[in-house]
Amino acid sequence: MIEVRNLYHAYRGENYVLKGINFSMGKEIVALVGPNGSGKTTLAKHFNGLLKPTKGSVKIDGLDTREHTVAELSRLVGYVFQNPEHMFFEESVFKEVAFGPKNLEKSEDEIRKRVSWALKSVGLEGYEERAPYSLSGGEKQRLAIACVLSMKPKYLILDEPTTGLDAKAEKRVVETIRSLKDNGHGILLITHDMNLVLELAERVVLLYKGEKVYDGPVEPFFDIALERYSLETPELLKLAKKLGVSFVRSTDELIASISGGVL
Amino acid sequence: MIHTFYRENDSFLHSLDPRAKIVGSTSALAIILLFNDPIITGSLLVSVLILGRLFGKISIREQLRLLKPLIPLVLFTIILWPVIYKPRLEGFMFGVSFALRLLTLGLVTFILLMTTPQRELIQGFVKLGLPYEFGLTISIGLRYIPTLYILTRNIMDAQRSRGWEMEKGNIVVRTRKMSAVMIPLLVASLKTAHELSIALESRAFGAGKRRTFLHDIKMGKKDYITIVTSLVLLGVALYLRYGFGFGHINVYG
Ligand SMILES: Nc1ncnc2c1ncn2[C@@H]1O[C@H](COP(=O)(O)OP(=O)(O)OP(=O)(O)O)[C@@H](O)[C@H]1O
Ligand SMILES: [Mg+2]
């Protein structure tokens, strides 16, 4: 469990950007949404100890993040940064993915196993000898996930993993996230893309000006007046409403529910 | 977080013409380089702090905070001098003196940047007869420092999330470890530099020879007084130094 209790955070001598957040999550897909500057990244950086609470507490499976280093916490919580290129520095995909487990001082054998497992999980098997910078945008994003996955964390934080990807690449990332969830990972998905929330999330947390204003299932979330929070209701949902269907997750579901009604 | 060094305020330094400030700080830099007696360099540092407080309305604490990034360099200087210079006590003294000079040079630059908007700084350089490219290069370079700082922080955070720890290991190990930060940093900065050059070209930078400015700057009485005062002080310092050998200890025997 990730457990956040009454969390306040202020960057050096400035105002609070997180104000009394209470939150917990287990092995589920939680979408963390909110307008720019609402504090999503600041909150997520507390989960692997990159930031420490100014007030309140954050515990990961019972471990207080104040009492553990980022390296120690990285075994539990993997953080995939928004820009994958900010982490690549090795000459091959293999070495890049091996970097994390090496830092955890795993044996050669274990490292090799983990790399091939991580690459398989994101659909990059056969890429071992490629140079990370030579990959396409979508492949880079999946490599970034593999780099964190090879540390075998229980929880995975993905900061805007689909921004700037084309439809096909996005689909591969979505599939990857789903299969990770099915393999027992808890996933925190930071995103501005409401279509992605609709498609993938099991629960939504909405931040606004450093406060949590919604935390619950996906369906009622889309009943909130989202424009207030600079978020946009997916076209699919608007269409469904017009057609008298209250909630669907995908086009297929919509088609099924209309034709079911008609036929 | 620092985005640019400039801070809006209504101090005397803010109201000065950029040319007066450029002449003033250049004289200050020259004066600082003339002396190496730690007592003199120390007093110069204190004087600059006080001048910054009085004329620039920048609190002493804020000024000291700005100097913090220079601390590693300062420590390095203080430690290195006694190692290479004998007798050690004098080496140490020179180390301290050099460190004080370094801090004072940094401080003068910071004060200039904190009290002068970038636009005025470029204009000042141009009106003093330097090419526009010079002014622009300097100010883009300076403006890029905060961006680079944030980028470095971000990359370090990304690598720390992969179990990377800079603090571990001896100096050789640590140097090798830095490649995990230096390579992504290099790639990202080259990208930014490339984008910057495209942005400049697409605004027809370098197309025409004569440049016009939207807001013109004008020298007033206090600007002339500042320039004259700085040059007189520089003259006095030169005279003291070369006329009397004041404030200078011969390092090389
Ligand atoms: N290193 C920092 N120092 C000072 N302030 C910061 C820092 N990082 C973020 N902030 C501020 O904290 C607030 C929350 O920022 P944060 O990055 O957590 O928002 P976000 O929800 O992730 O936004 P975005 O959607 O743009 O990624 C903002 O006001 C931001 O300016
Ligand atoms: Mg963010």
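Student: Let's hear about the overall build of chain A: which residues, and what values?
Tutor: Each helix and strand in chain A was counted, giving 10 helices and 10 strands. The C-alpha radius of gyration computed for chain A amounts to 19 Å, which stays within 12% of the reference 18 Å derived for 263 residues, consistent with globular compactness. If one aligns the C-alpha atoms of chain A with their principal axes, the spans along those axes are about 60 × 45 × 30 Å. A burial count over chain A gives 54% of its 263 residues as buried. Long-range pairs, those at least 24 residues apart, make up 64% of the contacts in chain A between residues at least 6 apart in sequence. About 11700 Å² of surface is accessible on chain A, with carbon and sulfur atoms providing 49% of the total.

Student: So what's going on with the overall build of chain B? Which residues, and what values?
Tutor: Looking only at helices and strands, chain B features 11 helices and zero strands. Taken over 253 residues, chain B has a buried fraction of 39%. Sequence-distant contacts in chain B: of pairs separated by 6 or more residues, those separated by 24 or more amount to 75%. In the structure as shown, chain B presents an accessible area of about 15100 Å², 69% of it carried by carbon and sulfur atoms.

Student: Give me the sheet that holds strand 9 (residues 203-208) of chain A: which residues, what numbers.
Tutor: All names here are of chain A. Taken in spatial order, the six strands of this open sheet run 6-7-8-3-9-10, and their pairing is mixed. Since the sheet does not close on itself, it has two edges, and those belong to strand 6 (77-80) and strand 10 (211-216), each with one partner. Ignoring which end each strand starts from, the neighbouring axes of this sheet average 15 degrees apart. In this structure, strand 9 lies alongside strand 10, joined through five bridges in antiparallel fashion. Paired with Leu206 across the strands is Tyr214, a residue of strand 10. Here helix 5 (residues 137-149) sits on the sheet in contact with strand 6 and strand 7 (155-159), set at roughly 160 degrees to strand 6.

Student: Help me get a handle on the pattern of salt bridges, residues and values and all.
Tutor: All chains considered together, the criterion is met by 21 salt bridges over all chains. With its nearest N and O atoms 3.5 Å apart, the salt bridge here joins Lys45 of chain A to Asp157 of chain B. You can see Lys45 of chain A sitting in the loop between helix 1 (40-44) and strand 4 (55-60) and its partner Asp157 of chain B sitting in helix 8 (residues 132-160), one on each of two chains. Classification of Lys45 of chain A as buried rests on a relative accessible area of 12%.

Student: Please provide a residue-by-residue account of the nonpolar core, values included.
Tutor: Counting 62 residues, the largest nonpolar core has Phe23, Phe47, Val97, Leu143, Ile145 and Leu188 of chain A as the members making the most contacts within it. For this core, the element with the highest residue contribution is helix 5 of chain A, accounting for seven residues. Contact partners of Ile145 of chain A, with chain neighbours within four places excluded, come to Val80, Val122, Leu156, Leu158, Val173 and Leu180 of chain A. If you look at the next biggest cluster of nonpolar residues, it comprises 31 residues, including Ile31, Leu107, Met114 and Phe125 of chain B.

Student: Any details on the site of ligand 1? Residues and values, ideally.
Tutor: In the neighbourhood of ligand 1, 13 residues make up the surrounding shell, with Asn36, Gly37, Lys40, Thr41 and Thr42 of chain A lying closest. Looking at what sits near ligand 1, you find residues from chains A and B. Ser38 of chain A places a polar main-chain atom, nitrogen or oxygen, 3.2 Å from an oxygen atom of ligand 1. Gly39 of chain A places a polar main-chain atom, nitrogen or oxygen, 3.0 Å from an oxygen atom of ligand 1. Relative to its unbound accessible surface of 630 Å², ligand 1 loses 70% to contact with the protein.

Student: Which residues make up the domain arrangement of chain A, and what are the values?
Tutor: Where interface size is given, it is often the accessible area lost as the parts come together that is meant. Residues and elements named next belong to chain A. Split by domain assignment, chain A resolves into domain 1 (2-221) and domain 2 (233-263). When each unit is reduced to the centre of its C-alpha atoms, the spacing between domain 1 and domain 2 is 31 Å. On the side of domain 2, seven residues touch domain 1, which itself brings 10 residues to the contact. Considering only the surface of domain 1 that becomes buried against domain 2, Met194, Leu198 and Glu219 emerge as the three largest contributors, covering 72% of it. Across the domain 1-domain 2 interface, the total number found is zero salt bridges. Counting residues per element, the ones that place at least two in the side of domain 1 that touches domain 2 are helix 7 (194-200) and helix 8 (218-221). For the side of domain 1 that touches domain 2, the leading source of residues is helix 7, giving six residues. Taken together, the residues that form the side of domain 1 that touches domain 2 break down as six nonpolar, one polar and three charged.

Student: Explain the environment of Thr41 of chain A to me, and be specific about the residues and the numbers.
Tutor: Residue and element names in this part refer to chain A. Tracing the backbone shows Thr41 in helix 1. Separated by 51 residues in sequence, Thr41 and Ser92 place their C-alpha atoms 29 Å apart. Contact partners of Thr41, with chain neighbours within four places excluded, come to Tyr79, Asp159 and Ile190. Of note is the side chain of Thr41, whose polar atom sits 3.2 Å from the side chain of Asp159.

Student: Explain the environment of Gly123 of chain A to me, using residue names and the numbers behind them.
Tutor: Residue position: Gly123 of chain A is located in the loop between helix 4 (108-121) and helix 5. With near-sequence residues (within four places) excluded, Gly123 of chain A lies in contact with Arg142 and Arg172 of chain A.

Student: Any chance you could break down the interface of chain A and chain B for me, citing the residues and the numbers?
Tutor: The interface is formed by 24 residues belonging to chain A together with 23 residues belonging to chain B. In total, chain A and chain B occlude about 2000 Å² of area from one another, counting both sides; carbon and sulfur atoms represent 53% of this. Interface area lost by chain A to chain B is led by Phe81, His86 and Phe89 of chain A, which between them contribute 30%. Counting every contact that joins chain A to chain B gives three salt bridges. Note that Lys191 of chain B is salt-bridged to Glu85 of chain A, the shortest N-O span being 2.8 Å.

Student: Mind laying out the packing of aromatic side chains, listing which residues take part and the relevant values?
Tutor: Residue and element names in this part refer to chain A. Considering all chains together, one arrives at 15 aromatic pairs over all chains under this definition. Consider the rings of Tyr79 and Phe81, whose centres lie 4.6 Å apart with planes at 40 degrees: the pair is tilted. Taken as a pair, Tyr79 and Phe81 share a single burial class, namely buried. Ring plane angle 80 degrees and centroid distance 4.9 Å describe the contact between Tyr208 and Tyr229, whose orientation is recorded as edge-to-face. Of the two residues, Tyr208 sits in strand 9 while Tyr229 sits in the loop between helix 8 and helix 9 (235-242), which places them 21 residues apart along the sequence. Among the residues examined, Tyr208 registers a relative accessible area of 24% and is labelled partly exposed.

What counts and what doesn't
Within each chain, residues carry numbers counting from 1 in the order of the written sequence. Chains and ligands are labelled sequentially in the order written, the chains with letters from A and the ligands with numbers from 1. At least 70 in pLDDT is required for a residue's local features to be given in this predicted model, at least 80 for side-chain atom pairs to be given and counted, and no such filter applies to totals for whole chains, interfaces and linings, which use all residues. In computing side-chain values, all of the structure's heavy atoms are included and hydrogens and water are not. Elements are defined by DSSP. Helices are runs of H or I of four residues or more, strands are runs of E of two residues or more, and each kind is numbered from the N terminus. Just to be clear, the radius of gyration here is over C-alpha atoms, and the globule rule we use is 2.2 Å times residues to the power 0.38. Only protein chains enter the calculation, and the probe is 1.4 Å; a residue is then buried if its accessible area is under 20% of its type maximum, exposed if over 50%, and partly exposed in between. Contacts were defined at the residue level, with two residues in contact if any of their heavy atoms lie within 4.5 Å. Calculation of accessible area relied on Shrake-Rupley with a 1.4 Å probe; when residues are assessed, cover is drawn exclusively from the protein chains displayed. Strand pairing requires that DSSP identify at least two bridges connecting the strands. What counts as an axis is a line fitted to C-alpha atoms, over the stretch in contact for a helix, and the angles between N-to-C directions run from 0 to 180 degrees. Definition used for salt bridges: Asp or Glu carboxyl oxygen within 4 Å of a side-chain nitrogen of Lys or Arg. Throughout this description, the term nonpolar core refers to a set of buried Ala, Val, Leu, Ile, Met, Phe, Trp, Tyr and Cys residues connected via side-chain atoms within 4.5 Å. What makes a residue near a molecule or strand is one non-hydrogen atom of that residue sitting within 4 Å of it. Pairing of N or O atoms within 3.5 Å defines a polar contact, subject to two protein rules: one partner must be a possible hydrogen donor and the other a possible acceptor, and residues neighboring in sequence count only if both atoms are side-chain atoms. Residue ranges labeled as domains rest on an automatic or database domain assignment. As used here, buried area is the combined drop in accessible area, with a 1.4 Å probe, of two parts when they are placed together. Ten residue types, Ala, Val, Leu, Ile, Met, Phe, Trp, Tyr, Cys and Pro, are classed as nonpolar, four, Asp, Glu, Lys and Arg, as charged, and the remainder, Gly among them, as polar. Within 6.5 Å between ring centres, the rings of Phe, Tyr and Trp (the latter by its six-membered ring) count as paired, and their orientation is classed by plane angle as stacked under 30 degrees, edge-to-face over 60, tilted in between.

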